[in-house]
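Report on the structure
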Amino acid sequence: MQSPRSPSSQPYLSASVTDPVKLGNGVQAYISYRVITKTNLPEYQGPEKIVIRRYSDFVWLRDRLLDKYKGVFVPPLPEKSAVEKFRFSAEFIEMRRAALDIFVNRIASHPELQQSEDLRTFLQADEETMERFRFQETGIFNKKPADFMQMFRDVQSKVSDAVLGKEKPVEETTPEYEKLKHYIFELENHLAEAQKHAYRLVKRHRELGQSLLDFGKAVKLLGACEGEPTGKLFSDLGTKSELVSIKLQKEAQQVLMNFEEPLKDYVRYVQSIKATIAERATAFKQHCELAETTKLKEINLDKLMLTRSDKVGEAEIEYREMKAESEEATIRFERIVKRMNEEIVRFQEQKTEEMGVAFHQFAKGQARLANGIADAWRALLPKLEAASSA
Amino acid sequence: MMGSENADGFEETNLNAAKEEMENLALNGGDVNGDSSNSAYRSAMSTLSNVHDPLSPLPTVLTPADSDPLTAPSSYIEPPSYADVIFSPFDETSDSEINGGEDSSLSPDSLSRSPSSSSSDYIKITVSNPQKEQETSNSIVGGNTYITYQITTRTNLPDFGVSESSVRRRFRDVVTLADRLAESYRGFCIPPRPDKSVVESQVMQKQEFVEQRRVALEKYLRRLSAHPVIRKSDELKVFLQVQGKLPLPMSTDVASRMLDGAVKLPKQLFGEGGASAVPVHEVVQPARGGRDLLRLFKELRQSVSNDWGGSKPAVVEEDKEFLEKKEKMLDLEQQIINSSQQAESLVKAQQDMGETMGELGLAFIKLTKFENEEAVFNSQRTRATDMKNLATAAVKASRFYRELNSQTVKHLDTLHEYLGMMMAVQGAFADRSSALLTVQTLLSELSSLQARAEKLEAASSKVFGGDKSRIRKIEELKEAIKVTEDAKNVAIREYERIKDNNRSEVERLDGERRADFMNMMKGFVVNQVGYAEKISNVWAKAAEETSQYDREKQSS
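For clarity, every value in this text was computed on a predicted model and none was experimentally measured. (Residues numbered from 1 in each chain as written. Chains lettered and ligands numbered in written order. Predicted model: local features only at pLDDT ≥ 70, side-chain atom pairs only at ≥ 80, totals over all residues. Heavy atoms only, no water.)

Remarks on the domain arrangement of chain A
All names here are of chain A.
- Each assigned domain of chain A is listed with its residue range as follows: domain 1 (13–141) and domain 2 (175–389).
- Just the C-alpha atoms count here: the centres of domain 1 and domain 2 sit 20 Å apart.
- With 22 residues of domain 1 at the contact, the number on the domain 2 side is 23 residues.
- Across the domain 1/domain 2 interface, buried area totals approximately 1,900 Å², and carbon plus sulfur atoms make up 53% of it.
- Counting across the domain 1 and domain 2 interface gives 6 salt bridges.
- The partner of Arg-268 in a salt bridge is Glu-79, and the shortest N-O contact between them spans 3.0 Å. (Domains from an automatic or database assignment. Contact = heavy atoms within 4.5 Å. Buried area = accessible area lost by both parts, 1.4 Å probe. Salt bridge = Lys/Arg side-chain N within 4 Å of Asp/Glu carboxyl O.)

Focus on the interface of chain B and chain A
- Contacts between the two partners involve 70 residues from chain B and, on the opposite side, 68 residues from chain A.
- Taking both sides of the interface into account, the surface hidden between chain B and chain A amounts to around 6,200 Å²; carbon and sulfur atoms contribute 70%.
- Considering only the side of chain B, the residues that lose the most area to chain A are B:Arg383, B:Met518 and B:Met521, jointly responsible for 10% of the buried surface there.
- Across the chain B-chain A interface, the total number found is 8 salt bridges.
- Put simply, B:Arg513 and A:Glu226 hold a salt bridge, and the shortest N to O gap is 2.8 Å.
- Where chain B touches chain A, the interface holds 17 residue pairs in polar contact (both at pLDDT 80 or more).
- For the side of chain B that touches chain A, the element with the most residues is helix H12 (residues 320–374) of chain B, which contributes 25 residues. (Polar contact = N/O pair within 3.5 Å; in protein donor to acceptor, adjacent residues only side chain to side chain. Helix = DSSP H or I, 4+ residues; strand = E, 2+ residues; numbered from the N terminus.)

Some thoughts on the environment of A:His110
Residues and elements named next belong to chain A.
- Mapping His-110 onto the fold places it in the loop between helix H3 (90–108) and helix H4 (117–124).
- For the pair His-110 and Arg-54, spaced 56 residues apart in sequence, the C-alpha to C-alpha distance is 22 Å.
- Engagement of the side chain of His-110 in a polar contact is seen with the backbone nitrogen of Leu-113, the distance being 3.2 Å.
- For His-110, the side chain forms a polar contact with the side chain of Glu-343, separated by 2.6 Å.

Observations concerning the confidence of the model for chain A
All names here are of chain A.
- Put simply, chain A has an average pLDDT of 87, and 88% of its residues get 70 or more.
- When mean pLDDT is taken per element in chain A, helix H7 (residues 175–225) scores highest with 95 and helix H6 (residues 145–164) scores lowest with 53.
- Within the model, pLDDT remains below 50 along residues 140–145, and this stretch shows 4 contacts once partners closer than five positions in the same chain are excluded. (pLDDT = per-residue confidence, 0-100.)

What about the sheet that holds strand S1 (residues 123–134) of chain B?
Residues and elements named next belong to chain B.
- If you trace the 3 strands from one edge of the open sheet to the other, you get S1-S2-S3, paired in antiparallel fashion. The sheet is open, and its two borders are formed by S1 and strand S3 (164–170), each paired with just one other strand. Sheet twist, expressed as the mean angle between neighbouring strand axes with direction ignored, is 20°.
- Strand direction decides the pairing type here: strand S2 (residues 145–155) and S3, joined by 7 bridges, are antiparallel. Directly across from Ile-151, in S3, lies its bridge partner Val-167. (Pairing = 2+ DSSP bridges. Axes fitted to C-alpha atoms, helices over the stretch in contact; angles between N-to-C directions.)

Topic: the sheet that holds strand S3 (residues 48–54) of chain A
Residues and elements named next belong to chain A.
- The strand order across the open sheet formed by 3 strands is S1-S2-S3, and the pairing between neighbours is antiparallel. Both edges of this open sheet fall to strand S1 (13–23) and S3, since each of them pairs with a single strand only. Taken over all neighbouring pairs, the strand axes of this sheet differ in orientation by 20° on average, direction set aside.
- Running over the sheet, helix H1 (residues 55–68) touches S1, strand S2 (30–39) and S3 and is turned about 105° from S3.
- Relative to S1, H3 is tilted by about 155°, and along the sheet it contacts S1 and S2.

What to know about the confidence of the model for chain B
Residues and elements named next belong to chain B.
- Mean pLDDT over chain B works out to 74, with 65% of the residues at or above the 70 mark.
- Averaged over each element, pLDDT in chain B is lowest for helix H5 (residues 92–100) (37) and highest for H12 (94).
- Contacts from residues 1–117, a stretch scored under 50 in pLDDT, to residues over four places away or in other chains number 198 contacts.
- Across residues 309–315, confidence stays below pLDDT 50; counting only partners more than four residues off in sequence or on other chains, it has 9 contacts.
- Interface scoring of the predicted complex returns ipTM 0.86; its pTM is 0.75.

Examining the packing of aromatic side chains
- A complete count under the given rule lists 21 aromatic pairs over all chains for this structure.
- Their ring planes at 5° and their centres at 5.4 Å tell us that A:Tyr183 and B:Phe370 sit as a pair that is stacked. With A:Tyr183 in helix H7 and B:Phe370 in helix H12, this residue pair bridges two chains.
- Classification of A:Tyr183 by relative accessible area gives buried; the value is 3%.
- Between A:Tyr269 and A:Phe347 the ring centres are 5.6 Å apart and the planes differ by 45°, which places this aromatic pair in the tilted class. You can see A:Tyr269 sitting in helix H8 (residues 230–306) and its partner A:Phe347 sitting in helix H9 (residues 312–378), a full 78 residues away along the chain.
- A residue is classified by how much of its surface remains accessible, and A:Phe347, at 3% relative accessible area, is buried. (Phe/Tyr/Trp six-rings, centres within 6.5 Å; stacked < 30°, edge-to-face > 60°. Buried < 20%, exposed > 50% of the residue type's maximum accessible area, 1.4 Å probe, protein only.)

Some points on the domain arrangement of chain B
Residue and element names in this part refer to chain B.
- Split into domains, chain B comes out as domain 1 (122–133 + 144–248) and domain 2 (320–555).
- Taking only C-alpha atoms, the centre of domain 1 and the centre of domain 2 are 22 Å apart.
- Each partner contributes residues to the interface: domain 1 has 12 residues there, and domain 2 has 18 residues.
- Per-residue buried area on domain 1 facing domain 2 is highest for Arg-186, Gly-187 and Cys-189; these three make up 49% of the total on that side.
- Connecting domain 1 to domain 2 are 3 salt bridges.
- As a salt-bridge pair, Glu-494 and Arg-186 come within 3.8 Å of each other at their nearest N and O atoms.
- Run the count over domain 1 and domain 2 and you get 9 residue pairs in polar contact (both at pLDDT 80 or more).
- Split by residue class, the side of domain 1 that touches domain 2 holds 7 nonpolar, 2 polar and 3 charged. (Nonpolar A, V, L, I, M, F, W, Y, C, P; charged D, E, K, R; others polar.)

Overview of the side chain of B:Thr408
All names here are of chain B.
- Here Thr-408 lies in helix H13 (residues 378–462).
- Taking relative accessible area as the criterion, Thr-408 reaches 0% and is therefore assigned buried.
- Within the structure, Thr-408 has its side chain in polar contact with the backbone oxygen of Leu-404 (distance 2.7 Å).
- Once you skip the residues sitting within four places of it in the chain, Thr-408 turns out to touch Val-347, Gln-350, Phe-524, Asn-527 and Gln-528.

Description of the pattern of salt bridges
- Under the definition given, this model contains 63 salt bridges over all chains.
- One salt bridge in this structure joins B:Asp550 and A:Lys364, with 3.6 Å as the shortest N-O distance. With one member in each of two chains, B:Asp550 in the segment after helix H14 (468–545) and A:Lys364 in helix H9 form a pair that bridges those chains.
- According to the relative accessible area criterion, A:Lys364 is buried, its value standing at 18%.

What to know about the side chain of A:Glu260
Residue and element names in this part refer to chain A.
- Here Glu-260 is to be found in helix H8.
- Of the side chains bearing the opposite charge, Lys-264 lies closest to the buried Glu-260, which forms no salt bridge; the N-O distance is 4.1 Å.
- Looking at Glu-260, its side chain comes within polar contact range of the side chain of Gln-195, at 2.6 Å.
- Setting aside residues up to four positions removed in sequence, Glu-260 forms contacts with Gln-195, Ala-198, Tyr-199, Val-202 and Val-255. (Lys, Arg positive; Asp, Glu negative; His and termini not counted.)

Okay, here's the thing in structure tokens:
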């Protein structure tokens, strides 16, 4: 482990989610995970830290990042799944752990998100502190003053629109952005379909495995009725059938974890982008409306100045405040645009890589399965050949 | 032909967008989303009939394996040649099956074993061309309508005389044939005839029912002609060759049988007439409903007394071997039923696997097209290529699964075939039991007649000169004893004959079953191996094409 002060060491931050443990009973049951952080960044409390976290802590982290880093495609979380929680099968637990692990790692390797203070809290705070944080961030009771202003303004702008009788299309309509939006929405449909079939394929593996198991048992019983050599052949056939069945069940699990889950993740990512698109629309609207309002204030001010009204002072203050807010809104909006442009590039590259890996693993798994099946059945051929030529 | 279960995923817009691909990837004539038919066998069978007439060219266009399904609209991913499919040098029997050819793609030619007799023996029966005909009737309303089928026979068997014949028969004729054969060939394992299916004929669509019946008739007649003894029978020959009305005596209806029986009853009851009331040779037939009421009563009484351990008849089924064999056969039947059910599940699962794999492939083809159209970044184009490789592999694999399955159906169908044969065996055993019952009945009748005669003789010997009527009675009894004795001998001979038939039939069947099952297993396994290899190659290629994403060597 290199000393954090050594000038030649690269800054690194990595985290892993491990050791899921089921805690609590019945409806209250939940799973806790160990989160291990390894880093040489000065902001962190040392090279390694281990904390215990649960799913809702991850949700807290994501919500904080969504709030603070608008425009960034914050990595998605696996679904809450109120139903499966009760089952808590080993497979489900493992898949969730893997998904949470990917989540944290994506954040840790994102140039902006990795600097988040909330991330540091998540990775380092002791469990009691974490719980306190978690309880704070619920519901509208924790909305900041700025949010209230925003809500007020939203209402106001709607009213003014109605009063002015204008139906302004407060939407970005650059052709590039339109194309992007269209792409994202269509992509979700296509991916959802692919994921659906991938899930079905997992089921088919299991069903085929089950039917081979049953078939194997049946022919073994049939073999018990028959004399030789048929009896022994049936028995061997049945045994092989059961063997192949096991291979299929194993592959089913692999396909679920390494192919269907990445596809689901892809879908979640796209949904996360849709949320970002909505954020951008909101920011754009704000920026437009505040710019508009500022303009109006300016016109008003000029009028007052011309008439040398004593309301000028007040109006000037209002105008300056509005202008400042408008500029802030514009900055916010433009930051989102900039982030999104960068994020899209990252997203496409990341997805190509991740899907490539998924495809490769799937293809390899299927090839391995088919080979295993061929080998298993092939072993019977010499006996069958010998028996039928006898 | 869109299966309803897939309708939710395939909205019209998506379909139109990918319609080109759908047409190109016309798996089984556009049947990509699978049949909505009920039975896995039926849907697998239709796959079979669409794809696998081995003597005609494959329905899709052949192109080089790497052709791009997107850019070459009239091309398709290369399907394997059929010769390719029936590979391994082990697999002679399937080869001979192909060479035999199949006009009717649905029912396999008898059983798949290689011909046990010399290959010059040849009989091929086809049932086709159902037509509606009307009974001639004098009534104003006209007669009932019924369906006739054309039955064509091609053969080089010398018994048959002509090498080709064609007749029209209705289902009732088949029932007649089956009944006559059952009488003539007691003790034989006669393939069971198709059901009358009265309920089905009302409930099903006419066309479907007729087709189902046509298939069943063909199977039945082919099985009959495969039986080494029955194929030489007069009944079958007459059925297959004599034009016009079937000249076999029809099974009499119950009413006239009742009448016959009623007339004969008094005679039997009082033992009247020198000539036997029942012709001796009829002893050879089992007692049937109306005709032999009295005999039926007697035999019933006898079987009851057998069961209750009453007077011990001379011949009792002590043949342990037979009883064991019977047990074994029942057990075997049970296991064949079970295996055949599991085979059907297996077929369905294979079918589903193929379908879903195909759907997955299609979904990715659509994604590929989409990414290519919308691409802004190179990473998208790369991804589109990766998806295409995956999709191509999936579609190919899907096709292989379906082909695998249609072959599997053919092989495992042997199990279904043997269900029918088990029924035939039971029939043969039943013949033996009823023949034994007849013997036992006659024996016990004989012994009771003799007892009566003895009693009368003892009584009359005490009276010097004898009672005229008593003497007459003794004479009558002696006559009856003689007749019964003859009948008993005939019955015993018949019973022995049936026992022999049973034995030889069961032996023959055991041998055939052994051979057929071995061929089934071999065919099944060869098939699985071959297709698993093909599928493995397809995926190995895709893995190769995505090998730059191999992360296994890197630390996680």
